[in-house]
Amino acid sequence: SVPPGVLPLCYRPLTWGRAARQPPGLPLAPCRAFSNNKIMVELDESSGVATMKFKSPPVNSLSLDFLTEFCISLEKLENNRACRGVIITSAVPKIFSSGLDITEMCGKSTEHYAEFWRAVQEMWLQLYGSNMVTVAAVNGSSPAGGCLIALSCDYRIMVENPKFSIGLNEAQLGIVAPFWFKDTFVNVVGHRVAERSLQLGSLHPAPEALKFGLVDELVPEEKVQEKTGAVMAQWLALPDHARQLTKSMMRKAVLDRLVAHREEDIQNFISFISKESIQKSLRMYMEMLKKKKG
Amino acid sequence: SVPPGVLPLCYRPLTWGRAARQPPGLPLAPCRAFSNNKIMVELDESSGVATMKFKSPPVNSLSLDFLTEFCISLEKLENNRACRGVIITSAVPKIFSSGLDITEMCGKSTEHYAEFWRAVQEMWLQLYGSNMVTVAAVNGSSPAGGCLIALSCDYRIMVENPKFSIGLNEAQLGIVAPFWFKDTFVNVVGHRVAERSLQLGSLHPAPEALKFGLVDELVPEEKVQEKTGAVMAQWLALPDHARQLTKSMMRKAVLDRLVAHREEDIQNFISFISKESIQKSLRMYMEMLKKKKG
Amino acid sequence: SVPPGVLPLCYRPLTWGRAARQPPGLPLAPCRAFSNNKIMVELDESSGVATMKFKSPPVNSLSLDFLTEFCISLEKLENNRACRGVIITSAVPKIFSSGLDITEMCGKSTEHYAEFWRAVQEMWLQLYGSNMVTVAAVNGSSPAGGCLIALSCDYRIMVENPKFSIGLNEAQLGIVAPFWFKDTFVNVVGHRVAERSLQLGSLHPAPEALKFGLVDELVPEEKVQEKTGAVMAQWLALPDHARQLTKSMMRKAVLDRLVAHREEDIQNFISFISKESIQKSLRMYMEMLKKKKG
C-alpha cells in the first residue's frame, strides 16, 4: 500500500523546468554521452546505468557553475527513460569533491550568495530525491559538500585508503552545516555519531568511515569500478516502481523540511555568511590553503 | 513521572469490543488452553506465560481468517489477569509465517480488500501496543508480514540456521511496505539499515539478521524453548505497571500515526492493490510459487 | 548557514536569573575555585576547563540541595568568559551519582514535589543545553539520574571496571523514566537499545555500556584524568561559536519539548508520585537499601 502522504513519485524540483518524461512508445533520445566543462556524463544504454565523473581540477570544488552543470546533467538523466541508475565518481586523483567552493562565499554580493545557496539546495533536492538508483564511488577525499553528495546517494563505496577521508567538517572552518546536511547525516549514521562528528568537524579516514556507517563498504582502488557495477546491478534487479516509492517513503520527511523552509534557509545563509567574523575566517582559511599549495 | 501525552495504558483498539479487564478480587477465568483452527494457544497459569503457536500449513500465511483468530486470541489473553506474557512461535517446520496471504489481495472485491487490510492493521495495533511482554521465537523463515509480527514483539529469538531468513521483502514483489511497517522497522534497526533493506526487499539470513539488529539473538533449534522461557522470565521480573508505561512511551508515537491515518491507509491500499499492473505482478508471483511447489 | 529555528545561542533557562555574560573588554572575574557543600568546582583559567566534582557521600544522591548547587555552579561557569569546558566527575569512591534522592519523593508535600521536580528539570535543561563542552568522567556506578547527567554531556569516559554500572533503571523501582530522560537516551543509543534497556530497567556493566554506545570509551581508573583532559582539549580545539551552534542544532528539538510541556510534566510527576502504590514501592526500596547498608 502507498502510505498516506507519500507521493507516487519522488520529490521533483520545479526550479529547473523539468521536461515531461518521455512516453513509453517513443524512440529513445540519442543520449549516449554528453561532456561538459566540469562533469563528464556517460550512459550505457544496455545496462541503463549512467556515470557522472567530476573532472574539475584541482579539487572538484562545488562552484556555482559546477552545481548548475550537476543539476542539468542529473535532470537530463532523470528524464531519460533509458537511464535507471547513476554512479557518481571523480576523474581527479585523490579527491572526490572538496565541497562548496569558498570563493563563492567570500567577498561577493547578497544576490550572488542567494543564487549560490539556491543551487546548493537544488543539487541536494534533486540527488536525495532522485528516482534513479544512485551509487557514490568515493575514490578520494570527500569533505563537507563532497560528503553531502555521497550521503545523498543510495549506496556508498569508498576506496580502501586511510589517506582518503570523508566527513562534514564545517565546524573546523568556523561555520555550521545546514540543518538538511545534518538531517541527511543523521539518516545515515544515527543521532549520536552525527552529533559528535558534526561538533568536532571530523574528517573520518576510510576505515573509520566504514566503522561508523558513513560509507557502506571499502574496496581496493582497482576494484572500485567492478564493485560499483555489481552493486548497481543488484539494486536495478528490483522493480523500479516499488523501489522508488520505498525510497520516497524513507526520504520524504527530510526533503519536505527543506522545501518548507527554503527561502528562510537562504536568508539564514546570507546573514550568516555576510558577518565580518565569518568572512574573516574564510579568508584565513583560503590563505592557509594557498600556502599549503605553494 | 508519566510524560505528557503518554496514556496510563497502552493503546487498546476498540474495534474488537474488548471486555473490561477482570477486577483483582474475582477468581481467574478457567482459561487453560483454547485451540482453534489456525493458532494454538496455551496458557501456563503458574508462570503467567501464554504461547501462541501458528499451525496453519503449509506456510502460516496471514489470511483474513488467520488474522481474525490472531486478534481474538491475543485480546483474550490481554484481558486475562492470569496472563502477563506471550510467546509467539510456529508449529509448522521451517516457517514462522510467510506474511500476508496473497490470495486475499488478488481478484477480490473492494469490500474484501478493505476488510482484509483493516484486519492487518488491527493485528499490528494489538500486538505492537500490547501491555503484555511479547517474545517472538522465530523458528523458521519470516518474510514480509511474518517479519512484522516478529518486529512488533518486545524481543526476538531466532533459530541459528542460515537457511532461515527474515525481512520486509515487499519491494521484491513490486509492492511497497506500508508506512507503519516501515516505522516499526526503523524503531528496531534504525533509518539507514531500514532504508537499504526496504529498497532492496532484502531477506536476511539469520546471522545477518542478528548483525543488523533485526533479531536480538540466535540459538540452536533445540534450545529455543528454553531460551525463550528464560528471556520471558527476565522481562516478567519487572513490575508490570512501570514496564507497560515505559513500553507505551516508546511506541505511542508510531501507534498513534496509524490510528490517525487508518481510513486513509485502507483507501491507499485498495487503490494500490486494485491497479491492473499490481494485480498482474501478484498473479505472476503466485504462479511462480505454484511452480516451485510442483 | 544557520538552519531555520536554530537560535544563535543554546537554550538558556530563565528560572535561575542568569546574569548577562561578561562583555569581552572587562577583566575576568577572580573565579578560581569555589567550594560548596556538595560539589567542588575548580577552574583552570589557563586551559579554560572547569571540574565539577561531586562530594556528597555516601552516594552523591541528587537531593534538592544538590540540584540547586549544581545549577548555580554550572550557571556561574556558563557566564564566566574564562570557562569553555566542564568535566563532571565524582570525589566519592565507586559511585558517580546514585540518581534522584528518594527521600525527596517520599512522604513530602505537593509543593515539595513540585519544587524538587522543577530543580531536576532545570539541571537537565542547563546541562543538556550548555554552550560549554561537557565531558563526564564516570568513575563509579551511575544509575537513573546519575546516568542522565552522563547522557547529557558531550562525551562520556567510564572507568574500565565491570563492577561499575550505568543505566536508566527506573522501571526496576516501579517508576517510569520521564519522556525527556527517554529522549536523551534515544539520542545517544538509538530507539531499539533504549526501548529494551528502559523496559528492563537495565544497569549495564561498563563493558556492556561501551558496546551499546551508552559511554564513548573505557579507561583504567588511573588514566581517567589524563584521558578526560585529552578529550577536552580535542573538543576545545574547535571554534566555540560553530561548535555551539552545531550542538544547539542537534539538541534543540528535545530541549524544546520539555520547555513546552514543563508544567504538565511537573503535574504528572506529582500525581504519579503521590499515589499510595508508588509511595509504598519507594518505602520498600528505601528499607531494602537500609538493610543492605546495615
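- Looking at an unreviewed UniProt entry, one finds chain A named Enoyl-CoA delta isomerase 1, mitochondrial and attributed to Pedionomus torquatus.
- Quoted verbatim from the Subunit (unreviewed entry) heading of the UniProt record, the comment on chain A is "Homotrimer."
- Taken verbatim from the UniProt record of chain A, the Pathway (unreviewed entry) comment is "Lipid metabolism; fatty acid beta-oxidation."

### Topic: the overall build of chain A
- Along the backbone of chain A there are 10 helices and 13 strands.
- Counting all 294 residues of chain A, 60% fall into the buried class.
- Contacts in chain A between residues far apart in sequence, at least 24 positions, make up 75% of those at least 6 positions apart.
- Accessible area of chain A: about 11,600 Å², with a carbon and sulfur share of 57%.

### Quick word on the interface of chain C and chain B
- Across the contact, 26 residues belong to chain C and 25 residues belong to chain B.
- For the chain C and chain B pair, buried surface summed over both sides reaches about 2,400 Å², with 62% attributable to carbon and sulfur atoms.
- It is Val 176, Arg 192 and Gln 199 of chain C that lose the most area in chain C upon contact with chain B, and together they represent 32% of the buried surface on that side.
- At the junction of chain C with chain B, the criterion picks out 3 salt bridges.
- One salt bridge connects Asp 216 of chain B with Arg 192 of chain C, and the closest N-O pair in it is separated by 3.0 Å.
- At the junction of chain C and chain B, the tally comes to 7 residue pairs in polar contact (both at pLDDT 80 or more).
- Elements with a contribution of two residues or more to the side of chain C that touches chain B: α4 (179–189), α5 (191–200) and α9 (262–273) of chain C.
- Residue classes in the side of chain C that touches chain B are distributed as 13 nonpolar, 7 polar and 6 charged.

### Section: the environment of Asn 161 of chain C
Residue and element names in this part refer to chain C.
- With respect to the helices and strands, the residue Asn 161 is situated in the loop between β10 (155–159) and β11 (165–167).
- The partly exposed category is assigned to Asn 161, whose relative accessible area is 23%.
- C-alpha of Asn 161 to C-alpha of Ser 141: the two residues are 20 residues apart in sequence and 9.6 Å apart in space.

### Concerning the environment of Asn 79 of chain B
Residues and elements named next belong to chain B.
- Mapping Asn 79 onto the fold places it in the loop between α1 (64–78) and β5 (85–90).
- The buried category is assigned to Asn 79, whose relative accessible area is 13%.
- Separated by 52 residues in sequence, Asn 79 and Asn 131 place their C-alpha atoms 9.9 Å apart.

### A word on the relation of the copies chain A and chain B
- After a rotation of 120° and a shift along the axis of 0.0 Å, chain A superposes on chain B with an RMSD of 0.0 Å. Between the two chains, the operation in question is that of a three-fold axis. Ranked by how close their C-alpha atoms come to the rotation axis, the residues of chain A are headed by Gly 190 of chain A, at 4.3 Å.

### Remarks on the sheet that holds strand β6 (residues 94–95) of chain C
Residue and element names in this part refer to chain C.
- Strand order in the open sheet made by the 4 strands is β6-β9-β11-β12, with mixed pairing throughout. Of all strands in the sheet, those bounded by a partner on one side alone are β6 and β12 (204–205).
- Examined bridge by bridge, strand β9 (residues 140–143) and β11 share 2 bridges and lie parallel to one another. Its bridge partner lying in β11, Pro 143 is registered against Gly 167.
- In the packing of helix α3 (residues 144–151) onto the sheet, the strands contacted are β9 and β11, and the crossing angle to β9 comes to about 100°.

### Some words on the packing of helix α1 (residues 64–78) of chain A against helix α2 (residues 110–128) of chain A
All names here are of chain A.
- Put simply, α1 and α2 touch, their axes get as near as 9 Å, and they point 30° apart. Classified by the angle between their axes, α1 and α2 sit roughly parallel to one another. Handedness of the crossing formed by α1 with α2: left-handed. Here Leu 64, Leu 67, Phe 70, Cys 71, Leu 74, Glu 75 and Glu 78 of α1 come into contact with α2, specifically with His 112, Glu 115, Phe 116, Ala 119, Val 120, Glu 122, Met 123, Gln 126 and Leu 127.
- Of the residues that constitute the contact of α1 with α2, the class distribution is 10 nonpolar, 2 polar and 4 charged.

### Remarks on the interface of chain A and chain B
- The partner chain B presents 26 residues to the 25 residues of chain A that form the contact.
- Buried surface at the junction of chain A and chain B, summed over both partners, amounts to about 2,400 Å²; 62% is from carbon and sulfur atoms.
- In this structure, the connection of chain A to chain B is made through 3 salt bridges.
- Linking chain A with chain B are 7 residue pairs in polar contact (both at pLDDT 80 or more).
- For the side of chain A that touches chain B, the secondary structure elements donating two or more residues are β10 (155–159), α4 (179–189), α7 (224–236) and α8 (240–260) of chain A.
- Among the elements that line the side of chain A that touches chain B, the one with the most residues is α8 of chain A, at 9 residues.
- A class-by-class count of the residues in the side of chain A that touches chain B yields 13 nonpolar, 6 polar and 6 charged.

### Describing the packing of aromatic side chains
Residues and elements named next belong to chain A.
- Applying the stated rule across the entire model yields 30 aromatic pairs over all chains.
- When the ring of Trp 124 is compared with that of Trp 180, the centres are 5.2 Å apart and the planes differ by 45°; the resulting orientation is tilted. Here the residue Trp 124 occupies a position in helix α2, and Trp 180 occupies one in helix α4, the gap between them amounting to 56 residues. Assigned by exposure class, Trp 124 and Trp 180 land together as buried.
- An aromatic cluster of three or more residues is present, and its members are Tyr 113, Trp 117, Trp 124, Tyr 128, Trp 180, Phe 181 and Phe 269.

### With respect to the pairing of strand β2 (residues 39–44) of chain B
- Only one face of β2 of chain B is buried: it carries Ile 39, Val 41 and Leu 43 of chain B, and the other face, with Met 40, Glu 42 and Asp 44 of chain B, is open.
- Hairpin connection from β2 of chain B to strand β3 (residues 49–54) of chain B: 4 residues lie between these consecutive antiparallel strands, with Gly 48 of chain B at a positive phi of about 80°.

### Quick look at the state of the cysteines
Residues and elements named next belong to chain C.
- Taken as a whole and judged by the stated rule, the model has 0 disulfides over all chains.
- Not engaged in a disulfide, the cysteine Cys 153 finds its nearest cysteine sulfur in Cys 147; these two sulfurs lie 11 Å apart.
- A relative accessible area of 0% places Cys 153 in the buried class.

### Some details on the pattern of salt bridges
- Tallied over the full model, the rule gives 48 salt bridges over all chains.
- Its salt-bridge partner being Arg 251 of chain A, residue Glu 195 of chain B comes within 2.8 Å of it at the nearest N-O pair. Highlighted residues: Glu 195 of chain B in helix α5 (residues 191–200) and Arg 251 of chain A in helix α8, drawn from two different chains.
- For Arg 251 of chain A, a relative accessible area of 1% puts it in the buried group.
- Arg 84 of chain C is paired through a salt bridge with Asp 240 of chain C; the nearest N and O atoms lie 2.9 Å apart. Of the two residues, Arg 84 of chain C is situated in the loop between α1 (64–78) and β5 (85–90) and Asp 240 of chain C in helix α8 (residues 240–260); the sequence distance between them amounts to 156 residues.
- Of the residues examined, Asp 240 of chain C reaches a relative accessible area of 25% and is grouped as partly exposed.
- A single salt-bridge network, built from bridges that share partners, covers Asp 154, Arg 156, Asp 216, Lys 247 and Arg 251 of chain A together with Arg 192, Glu 195 and Arg 196 of chain B.

### Re the pairing of β10 of chain A
Residue and element names in this part refer to chain A.
- Burial within β10 is extensive, with 5 of its 5 residues counted as buried.
- The two faces of β10 match: Tyr 155, Ile 157 and Val 159 on one face and Arg 156 and Met 158 on the other face are all buried.
- Pairing of strand β8 (residues 133–138) with β10, which is carried by 4 bridges, proceeds in the parallel orientation. Residue pairing for β10: Ala 137 is matched across the bridge by Ile 157.
- Here 3 bridges tie β10 to strand β13 (residues 217–219), and the two strands are oriented parallel to one another. In the strand pairing of β13, Met 158 is matched with Leu 218.

Definitions and limits used
Residues numbered from 1 in each chain as written. Chains lettered and ligands numbered in written order. Predicted model: local features only at pLDDT ≥ 70, side-chain atom pairs only at ≥ 80, totals over all residues. Heavy atoms only, no water. UniProt positions renumbered as here; feature names shortened; annotations may be inferred. Helix = DSSP H or I, 4+ residues; strand = E, 2+ residues; numbered from the N terminus. Buried < 20%, exposed > 50% of the residue type's maximum accessible area, 1.4 Å probe, protein only. Contact = heavy atoms within 4.5 Å. Areas by Shrake-Rupley, 256 points an atom, 1.4 Å probe, with all protein chains shown as cover. Buried area = accessible area lost by both parts, 1.4 Å probe. Salt bridge = Lys/Arg side-chain N within 4 Å of Asp/Glu carboxyl O. Polar contact = N/O pair within 3.5 Å; in protein donor to acceptor, adjacent residues only side chain to side chain. Nonpolar A, V, L, I, M, F, W, Y, C, P; charged D, E, K, R; others polar. Least-squares fit on C-alpha atoms with pLDDT ≥ 70 in both. Pairing = 2+ DSSP bridges. Axes fitted to C-alpha atoms, helices over the stretch in contact; angles between N-to-C directions. Parallel < 35°, antiparallel > 145°, perpendicular 65-115°, else oblique. Left-handed = near helix turned anticlockwise from the far one by under 90°. Phe/Tyr/Trp six-rings, centres within 6.5 Å; stacked < 30°, edge-to-face > 60°. Disulfide = S-S within 2.5 Å.

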